[in-house]
Amino acid sequence: MKRTTPVIPPEDIRRQKEYCAQLRAMNAQRPAPPLAYVDTYGCQQNEADSELLRGMLCEMGYEIVPTGEGADVIVINTCAIREHAEQRVFGNVGALVHGKRRNPGQIICLCGCMAQEPHVAERLRQSYRHVDLVFGPQQLWRFPEFLRRVALRRGRVFETEPDDGAIAEGLPVYRSGKLKAWVSIMYGCNNFCSYCIVPYTRGRERSREPEVILNEIRALAEQGYMDITLLGQNVNSYGRDLEGDWDFPRLLEAAASVPGEFLLRFMTSHPKDATEKLFDVMAKCPKVAPVIHLPFQSGNSRVLAAMNRRYTREQYLDKVRLLRERIPDVVLTSDVIVGFPGETTEEFEDTLSLIEEVRFDALFTFIYSPRRGTPAAELPDPMSKEEKSANFQRLLEAQNRISLEKHRAYTGTVRRCLIDGSGEDPRNSLTARTAGGRLVHLSGDPALIGRFAEIKITGCSTWALSGELV
Ligand code: 5AD
Ligand code: SF4
């Protein structure tokens with residue numbers, strides 16, 4: 001297939017597999033398999049990347065363990081989206097120095113979005129000398145080569161040059177779940193929202209080929225996965241770099257025609273690119289879950305323009321109206337930022353009124369965090385922290401009330417849910433998800449895990465529903 005973004009040649013992937021085999025042979029000399037731990041911060045794309053890292057580690061002969069305690073290799077897959085996430089990573093990476101003192105042969109790796117920020121890479125180079133390997137998200141497929149270099153003691157490895165990225169296929173995946181799976185359909189982002197670091201850390205938008213994605217979904221369905229999420233920073237840009245008329249609605253429809261009993265979800269959708277065609281596919285394909293995450297970020301059109309979101313409040317509301325016309329019971333979730341530089345309390349109140357008007361099922365709420373190198377970080381930001389927190393609090397209270405009211409409307413209804421795990425409370429021994437992704441607690445036989453079942457909703461809180469098997 002002709003395309004505008006580069007694809008890593010198969011011989012380069014093969015070479016990485018040879019490095020895996022060499023490390024595997026080295027590791028086989030040891031009395032027991034060495035242990036590897038992958039710690040993941042941030043979004044689902046990072047979770048999916050960690051499954052590739054674990055897949056490569058398995059090929060290299062490591063055993064994957066659930067904590068860093070006593071591990072021979074520690075990989076920290078980081079997130080740069082907000083200051084708070086970065087502070088946590090620095091704190092946790094700093095603490096690893098003690099374990100490394102006890103076990104000097106331990107290899108500590110840091111990857112993900114933070115690695116791609118020049119000031120972070122510099123700080124790691126200067127002040128975190130126990131970190132052996134640092135590489136950005138676009139270099140993930142070269143992990144075996146880097147790890148081999150470190151294992152053969154050729155010094156510290158930093159691979160953090162800016163990189164627009166390419167498509168790498170054929171890497172091994174180690175999936176952590178048996179029911180739910182992520183499938184990346186594209187990487188990178190071209191939107192450059194003025195507050196966001198992602199376009200700088202994850203490179204340009206590039207799509208995987210439809211046949212490769214569909215084959216992966218076919219294989220997952222055959223293996224019994226029942227909940228498959230298609231991932232991309234903005235899935236609605238899918239196919240723009242591919243020849244032919246592939247777009248996201250067409251891919252989604254093709255994915256929904258794969259045989260098997262599973263539900264399809266996707267995230268994230270930029271509202272400017274969420275089309276009527278997408279809503280129509282969602283409406284007509286029973287395998288596509290009736291749920292969409294449609295981040296609005298602000299309810300005020302001046303702030304939206306300053307954020308470079310390229311839609312107005314009215315256009316957002318029109319999209320929601322169209323969506324609900326096509327799928328009346330759609331579950332709608334969103335992201336919002338409070339305290340964008342220059343946002344006044346009056347403008348913030350437009351965000352409040354938007355959530356009252358739309359009534360989202362759930363909302364992910366963030367206080368603006370300046371990211372070095374983004375245009376918004378240069379804007380004057382006169383509002384005090386206290387004022388921002390007060391606005392944030394008002395938003396939370398409003399949304400909590402709405403979420404509870406929305407959940408109350410479920411009580412008495414019967415929903416087809418996927419029973420997906422066991423709960424912590426012995427009286428509610430199981431957890432399940434509605435098609436729209438709402439969490440349900442119930443009691444029942446653990447043998448039901450992995451089945452769809454009819455559940456009568458009998459109660460609720462702001463965060464979850466409770467129910468019983470019908
Ligand atoms: N500060 C606060 N929130 C942010 N987000 C992205 N960048 C920032 C930032 N600099 C939020 C947006 C996005 C979500 C993943 O994180 O709401 O949709
Ligand atoms: Fe960031 Fe905007 Fe791209 Fe989302 S669409 S990753 S918020 S730049």
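Residues numbered from 1 in each chain as written. Chains lettered and ligands numbered in written order. Predicted model: local features only at pLDDT ≥ 70, side-chain atom pairs only at ≥ 80, totals over all residues. Heavy atoms only, no water.

Neighbouring residues of ligand 1: Ile81, Arg82, Tyr195, Gln297, Asp335, Ile337, Phe366, Ile367, Tyr368, Ser369 and Arg371. Measuring from a nitrogen atom of ligand 1, one finds a backbone N or O atom of Tyr195 at 3.1 Å. Contacts to ligand 1 include Asp335, whose side-chain N or O atom sits 2.6 Å from an oxygen atom. Relative to its free-state accessible area of 400 Å², ligand 1 is covered by the protein chains to the extent of 87%. When its residues are assigned to classes, the shell around ligand 1 shows 6 nonpolar, 2 polar and 3 charged. (Near = heavy atom within 4 Å. Polar contact = N/O pair within 3.5 Å; in protein donor to acceptor, adjacent residues only side chain to side chain. Areas by Shrake-Rupley, 256 points an atom, 1.4 Å probe, with all protein chains shown as cover. Nonpolar A, V, L, I, M, F, W, Y, C, P; charged D, E, K, R; others polar.)

Turning to the sheet that holds strand E14 (residues 362-367), a few remarks are in order. Pairing in this open sheet of 3 strands is parallel, and the strands run E12-E13-E14 from one edge to the other. Every interior strand has two partners, whereas the edge strands, strand E12 (291-293) and E14, have only one. In this sheet, adjacent strand axes meet at a mean angle of 10° when their direction is disregarded. Of the strands in this sheet, strand E13 (331-338) and E14 are in contact with helix H13 (residues 385-408), which crosses E14 at around 175°. (Pairing = 2+ DSSP bridges. Helix = DSSP H or I, 4+ residues; strand = E, 2+ residues; numbered from the N terminus. Axes fitted to C-alpha atoms, helices over the stretch in contact; angles between N-to-C directions. Contact = heavy atoms within 4.5 Å.)

Next up on the list: the layout of surface pockets. Roughly 610 Å³ of internal volume is contained in the second largest pocket. Taken together, 33 residues form the lining of the second largest pocket, with Leu52, Ala168, Leu171, Tyr187 and Arg208 sitting closest to its centre. Of all the secondary structure elements, the ones that give two or more residues to the lining of the second largest pocket are helix H2 (44-59), strand E7 (180-184) and helix H7 (210-222). Of all the elements, H2 adds the most residues to the lining of the second largest pocket, at 5 residues. (1 Å grid on protein atoms, 1.4 Å probe; cavity = no way out; pocket = protein on both sides within 12 Å on 5 of 7 lines; lining within 4 Å. Points joined across faces, edges and corners; volume = space filled by probe spheres on them.)

Bringing the nonpolar core into the picture now. Nonpolar side chains tend toward joint burial in soluble globular proteins. Leu230, Phe248, Leu252, Phe266 and Ile292 are the most contacted members of the largest nonpolar core, which totals 68 residues. Discounting residues that sit within four places of it in the chain, Phe248 has contacts with Ile185, Leu230, Val235, Asn236, Tyr238, Phe266 and Leu278. Listed in part, the 29 residues of the second largest apolar core include Leu57, Ile64, Cys109 and Val150. (Core = buried A, V, L, I, M, F, W, Y, C linked by side-chain atoms within 4.5 Å. Buried < 20%, exposed > 50% of the residue type's maximum accessible area, 1.4 Å probe, protein only.)

Moving on to the side chain of Asn236. If you trace the backbone, Asn236 turns up in the loop between strand E10 (227-231) and helix H8 (248-256). Take Asn236: its relative accessible area is 9%, and that puts it in the buried class. A polar atom in the side chain of Asn236 sits 3.3 Å from the side chain of Ser269. Not counting residues up to four positions away in its chain, the partners in contact with Asn236 are Phe248, Ser269, His270, Asp273, Ala274 and Leu278.

What follows is about unusual backbone geometry. In this chain, Met267 is followed by Thr268 through a cis amide linkage whose omega measures 0°. Secondary-structure assignment places Thr268 in the loop between strand E11 (263-267) and helix H9 (276-284). Phi is positive for Gln297, close to 70°, though the residue is something other than glycine. In this structure, Gln297 sits in the loop between E12 and helix H10 (301-306). The backbone of Asn308 shows a phi angle near 60°, a positive value even though the residue is not glycine.

This part takes up the environment of Ile228. In this structure, Ile228 sits in strand E10. Once the C-alpha coordinates of Ile228 and Thr160 are considered, the two residues, 68 residues apart in sequence, prove to be 32 Å apart. In this structure Ile228 touches Ala181, Val183, Ile217, Leu220, Phe262, Leu263, Leu264 and Arg265, once residues within four positions along its chain are discounted.

The next thing to look at is helix H5 (residues 143-151). Counting buried residues along H5, 7 of its 9 residues qualify, which places the element largely inside the surrounding structure. Among all positions in H5, only Phe143, Pro144, Glu145, Phe146, Leu147, Arg148 and Val150 are buried. On the buried face of H5, the contacting elements are helix H1 (10-28), H2, strand E3 (73-78), strand E4 (107-112), strand E5 (133-135) and strand E6 (157-159).

As a further point, take the pairing of E4. Here is the key point about a regular strand: its side chains alternate between the two faces of the sheet. A large share of E4 lies buried, amounting to 6 of its 6 residues. Burial of the side chains of E4 extends over both faces: Ile107, Cys109 and Cys111 are buried on one face and Ile108, Leu110 and Gly112 on the other. Pairing geometry for E3 and E4, over 6 bridges, is parallel. Across the sheet, the residue bridging to Val75 is Cys109, located in E4. Once the chain exits E3 it traverses helix H3 (residues 83-102) before rejoining the sheet at E4, and the crossover so formed is right-handed. Here E4 pairs with E5 via 3 bridges, running parallel. Of the residues in E5, the one forming a bridge with Cys109 is Leu133. A crossover connection joins E4 to the parallel E5 through helix H4 (residues 118-127); in handedness this β-α-β unit is right-handed. (Right-handed = clockwise from strand over helix to strand, strands pointing away.)

Let's shift gears to the pattern of salt bridges. Summed over all chains, the structure comprises 38 salt bridges. In this structure, Glu51 and Arg175 form a salt bridge, with 3.8 Å as the shortest nitrogen-oxygen distance. With a gap of 124 residues between them, Glu51 in helix H2 and Arg175 in the loop between E6 and E7 connect regions that are remote in the sequence. Judged by relative accessible area, which is 5%, Glu51 ranks as buried. (Salt bridge = Lys/Arg side-chain N within 4 Å of Asp/Glu carboxyl O.)

To continue, consider the side chain of Glu51. Polar side-chain contacts of Glu51 include one of 3.0 Å to the side chain of Ser176. In this structure Glu51 touches Pro172, Val173, Tyr174, Arg175, Ser176 and Trp182, once residues within four positions along its chain are discounted.

Below, the discussion takes up the packing of H2 against H5. Viewed as axis vectors pointing N to C, H2 and H5 meet at an angle of 55°, and their least axial separation amounts to 10 Å. The angle between H2 and H5 places the two elements in the oblique class. Helix-helix and strand crossings are classified by hand; for H2 and H5 the assignment is right-handed. Facing Leu53, Met56 and Leu57 of H2, the residues of H5 in contact are Phe143, Pro144 and Leu147. (Parallel < 35°, antiparallel > 145°, perpendicular 65-115°, else oblique. Left-handed = near helix turned anticlockwise from the far one by under 90°.)

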